[in-house]
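Here's the letter readout for the chains.
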Amino acid sequence: MGSTNQVGATSPVPAIATGTFTGTLGRHIARRLVQIGVKDVFSVPGDFNLTLLDHLINEPGLNLVGCCNELNAGYAADGYARAKGVGACVVTFTVGGLSVLNAIAGAYSENLPVICIVGGPNSNDYGTSRILHHTTGLPDFSQELRCFQTVTCAQAVVNNLEDAHELIDNAISTALKESKPVYISISCNLPGIPHPTFFIDPVPYYLAPKVSNQLGLEAAVEATAELLNKAVKPVIVGGPKLRVGKAQKAFEEFANASGYPIAIMPSAKGLVPEHHPHFIGTYWGAVSTSFVGEIVESADAYVFVGPIFNDYSSVGYSLLIKKEKSIIVQPNRVTIGNGPSLGWVFMADFLTALAKKLKKNSTAMDNYRRIYVPPGVALKRDNSEPLRVNILFKHIQAMLSGDTAVIAETGDSWFNCQKLSLPENCGYEFQMQYGSIGWSVGATLGYAQAAKDKRVIAFIGDGSFQVTAQDISTMIRCGQRTIIFLINNGGYTIEVEIHDGPYNVIKNWNYTGLVDAIHNGEGKCWTVKVRTEDELTEAIATATGEHKDSFCFIEVIVHKDDTSKELLEWGSRVSAANSRPPNPQ
């Protein structure tokens, strides 16, 4: 958790409530959400959560955002947590809970604190043999809880008022400490009942700071500094767990002090400043940014800060990395080559201390500058030539600034957006570990609701969009001014490059027509189809000019085989990893 002690604690400690002048459970949970930084809660109503929703609506600091389905509400809480540090969604028992489950699993895999609140059965029904609606027809109310146990770091079933306060506070604090989602079930008859444990104004929320084991920290820093100061051409590679470690500032201190080149793993894009003079690009094995793979893999020492090595990030397990040359810095552990692995050493503490012990070494940076050749021939096209994806992204690059944020959907958008150069303070999010297609629609809704100072630009393939399209409705209703580029190439292109078949071809929609129908004349919304570069240029000018305060939906029609070279290479390697024959038994 870094050194954050107190979360959103602005109100003074209240006087002890006396007599009947006590708060309610609904009021308590609403205030807690506000105190931890949640201003918007994404919800789908259902009979078990309606009373709780009344209390959330009555909280002045809280805005309830109704979504079209629970899956999108969960994805929105995920996107919100990326921008705000924590998100929340509220659904109804089992029928809503099992629908939101996939989104919560995604937030778990991406280490995002999402508070998933479920309106549960009446407290009187627990321990009886009654069969309730919205269940699978068994007198067992634990099915939903059992499903959530594997994708949340804490679970609280609140079916009495005596320990409700403790259960709720413990679950919320665990989410923040572990940076993972939690599940809270609240019996539908409890939110409005006063109880002495709930003050009218809850005591400020407090989290004890995590402090590294001092001896372990010193040992880790000494061993690492010794290895790095002996190395000839060390490099740094940032990973996605930088966010969990709350170590972005410390990472910059370490990078500045060392002089080493800085690369990122693909899923860390947006977490490391790309305007830094030593930033060289993305390390992604065979599909790395030009010259980055060579510099990283030829180094004699590499510091991986918060990495996740999976088959996607390792391009089908093909990274040319040796353990003995690696220093792996995780949020609470440092492993030095084949040597010591020291726990209870926190990432930010470690990087800050290490920065003070390093000799500056720019050898690898000098090598990179020596071999680097700028991108080749300027992209040209014939008049009225069909639009190519690489031309599209040339124009997208020009749109980016510190006032924008990029959301990249699973698919070829991963690879095309990865090549964008992010200006200072430009946001960037995608879901690489879980890779759930359709994630970006809900995540865009949540991120834009949290980061109102930024214009969100989302890149969504037609196949992914068909999974979760409905919540375009919520974006328009919330007055968001997002720009969505819908890449219409007629199918699941990322799957085509891994393993093709007729199942990867989808029914084409009139996507702009669909969004116009959803808009239905209510709110600010502008749509356009583009087929050529001239049409694209005009569309971008309109979206950033006349319609700068509107939700803008630009359907880009491209050839089905117009993919990045990186996707072609990556797809063939992931396919090879997926199709390995069984080992002999």
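Look a little higher up for the structure.
Residues numbered from 1 in each chain as written. Predicted model: local features only at pLDDT ≥ 70, side-chain atom pairs only at ≥ 80, totals over all residues. Heavy atoms only, no water.

J.: Which parts of the structure should I look at to understand the sheet that holds strand 17 (residues 483-488)?
T.: Sheet strands associate in pairs through backbone hydrogen bonding, adopting either a parallel or an antiparallel arrangement. Within the open sheet, the six strands sit side by side as 15-14-16-17-19-18. Their pairing is parallel. One side of each edge strand has no neighbouring strand; the edge strands of this open sheet are strand 15 (427-430) and strand 18 (525-530). Adjacent strand axes in the sheet meet at a mean angle of 15° when their direction is disregarded. In terms of strand pairing, strand 18 meets strand 19 (residues 551-557) through six bridges, oriented parallel. Paired with V530 across the two strands is V556, which belongs to strand 19. This element, helix 18 (residues 511-519), spans strand 17, strand 18 and strand 19 of the sheet and lies at about 170° to strand 18. (Pairing = 2+ DSSP bridges. Helix = DSSP H or I, 4+ residues; strand = E, 2+ residues; numbered from the N terminus. Axes fitted to C-alpha atoms, helices over the stretch in contact; angles between N-to-C directions. Contact = heavy atoms within 4.5 Å.)

J.: Hey, could you run me through the nonpolar core in this one?
T.: Burial of nonpolar side chains together is a common tendency in soluble globular proteins. In terms of nonpolar packing, the biggest core is built from 94 residues, with F42, F465, F485, F551 and I554 touching the most fellow members. The residues contacting F551, other than those within four sequence positions of it, are I472, M475, I476, Q480, R481, T482, I484, V515, K524, C525 and W526. Within the second largest apolar cluster, 35 residues are counted, among which are L228, F251, V329 and L342. (Core = buried A, V, L, I, M, F, W, Y, C linked by side-chain atoms within 4.5 Å. Buried < 20%, exposed > 50% of the residue type's maximum accessible area, 1.4 Å probe, protein only.)

J.: Any chance you could explain empty space enclosed by the protein here in plain terms?
T.: Rolled over the atoms, a probe sized like a water molecule indicates the empty space that remains. Counted by the stated rule, this structure contains four cavities of 30 Å³ or more. Roughly 180 Å³ of internal volume is contained in the second largest cavity. Around the second largest cavity, the lining is made up of 17 residues, and of these E110, P240, R243, S267 and F430 lie nearest the centre. Residue classes in the lining of the second largest cavity are distributed as six nonpolar, six polar and five charged. (1 Å grid on protein atoms, 1.4 Å probe; cavity = no way out; pocket = protein on both sides within 12 Å on 5 of 7 lines; lining within 4 Å. Points joined across faces, edges and corners; volume = space filled by probe spheres on them. Nonpolar A, V, L, I, M, F, W, Y, C, P; charged D, E, K, R; others polar.)

J.: Sorry, what's going on with the sheet that holds strand 4 (residues 114-120) here?
T.: With parallel pairing, six strands are arranged side by side in an open sheet as 2-1-3-4-6-5. Where the open sheet ends on each side, the last strands, each with one partner, are strand 2 (63-66) and strand 5 (154-158). For this sheet, the mean angle separating the axes of adjacent strands, direction not counted, is 20°. As paired elements, strand 3 (residues 87-92) and strand 4 share six bridges and run parallel to each other. Bridging from a neighbouring strand, V90 pairs with I117 of strand 4. Strand contacts of helix 4 (residues 97-109): strand 3 and strand 4, with the helix running at about 160° to strand 3, the strand carrying the most contacts.

J.: Teacher, can you tell me more about the state of the cysteines here?
T.: One covalent bond between the sulfur atoms of two cysteine residues makes up a disulfide. Taken as a whole, this structure holds zero disulfides when the rule is applied. C67 takes part in no disulfide bond, and the closest cysteine sulfur to it belongs to C68, at a distance of 7.1 Å. (Disulfide = S-S within 2.5 Å.)

J.: Explain unusual backbone geometry to me, please; I cannot follow it from the model alone.
T.: With the exception of glycine, the majority of residues adopt a negative phi angle, and the majority of peptide bonds are in the trans configuration. For F291, which is not glycine, the phi torsion reads 75° and is therefore positive. With respect to the helices and strands, F291 occurs in the loop between strand 9 (279-282) and helix 9 (292-297). Backbone geometry at N425 places phi at a positive 70°, although glycine is not the residue there. Positionally, N425 belongs in the loop between helix 13 (412-418) and strand 15. Under the relative-accessibility criterion, N425 is labelled exposed at 57%.

J.: For this particular structure, what's the right way to read the pairing of strand 5?
T.: Walk down a regular strand and you will see the side chains alternate between the two sheet faces. Along strand 5, the buried face is formed by A154, A156 and V158; none of Q155 and V157, which line the opposite face, is buried. Bridge count for strand 5 against strand 6 (residues 182-187) is five bridges, and the pairing is parallel. If you follow Q155 over to strand 6, its bridge partner there is Y183. Regarding topology, helix 6 (residues 164-178) serves as the crossover connection from strand 5 to the parallel strand 6, and that connection is right-handed. (Right-handed = clockwise from strand over helix to strand, strands pointing away.)

J.: Would you explain the packing of aromatic side chains in this entry?
T.: For any pair of aromatic rings, the description consists of the separation of the ring centres together with the inter-plane angle of the planes. Per the counting criterion, the structure on display carries 17 aromatic pairs. With a centroid separation of 5.7 Å and an interplanar angle of 70°, the aromatic rings of F291 and Y372 are classed as edge-to-face. Here the residue F291 occupies a position in the loop between strand 9 and helix 9, and Y372 occupies one in the loop between helix 11 (363-371) and helix 12 (389-399), the gap between them amounting to 81 residues. Of the residues examined, Y372 reaches a relative accessible area of 34% and is grouped as partly exposed. A centroid spacing of 5.8 Å and a plane angle of 70° characterise the contact between Y428 and F430, whose relative ring orientation is edge-to-face. Note on Y428: relative accessible area 3%, which makes it buried. (Phe/Tyr/Trp six-rings, centres within 6.5 Å; stacked < 30°, edge-to-face > 60°.)

J.: Is there a simple way to think about the pairing of strand 17 in this case?
T.: Judged by how many residues are buried, strand 17 sits mostly within the fold: six of six residues are covered. Here strand 17 shows no split at all, with I483, F485 and I487 on one side and I484, L486 and N488 on the other all buried. One ladder, built from five bridges, connects strand 16 (residues 455-461) with strand 17; its direction is parallel. By the bridge assignment, I457 is partnered in strand 17 with I483. Two strands pair when backbone bridges link them, and strand 17 and strand 19 are joined in this way by six bridges, in the parallel orientation. Paired with F485 across the two strands is I554, which belongs to strand 19.

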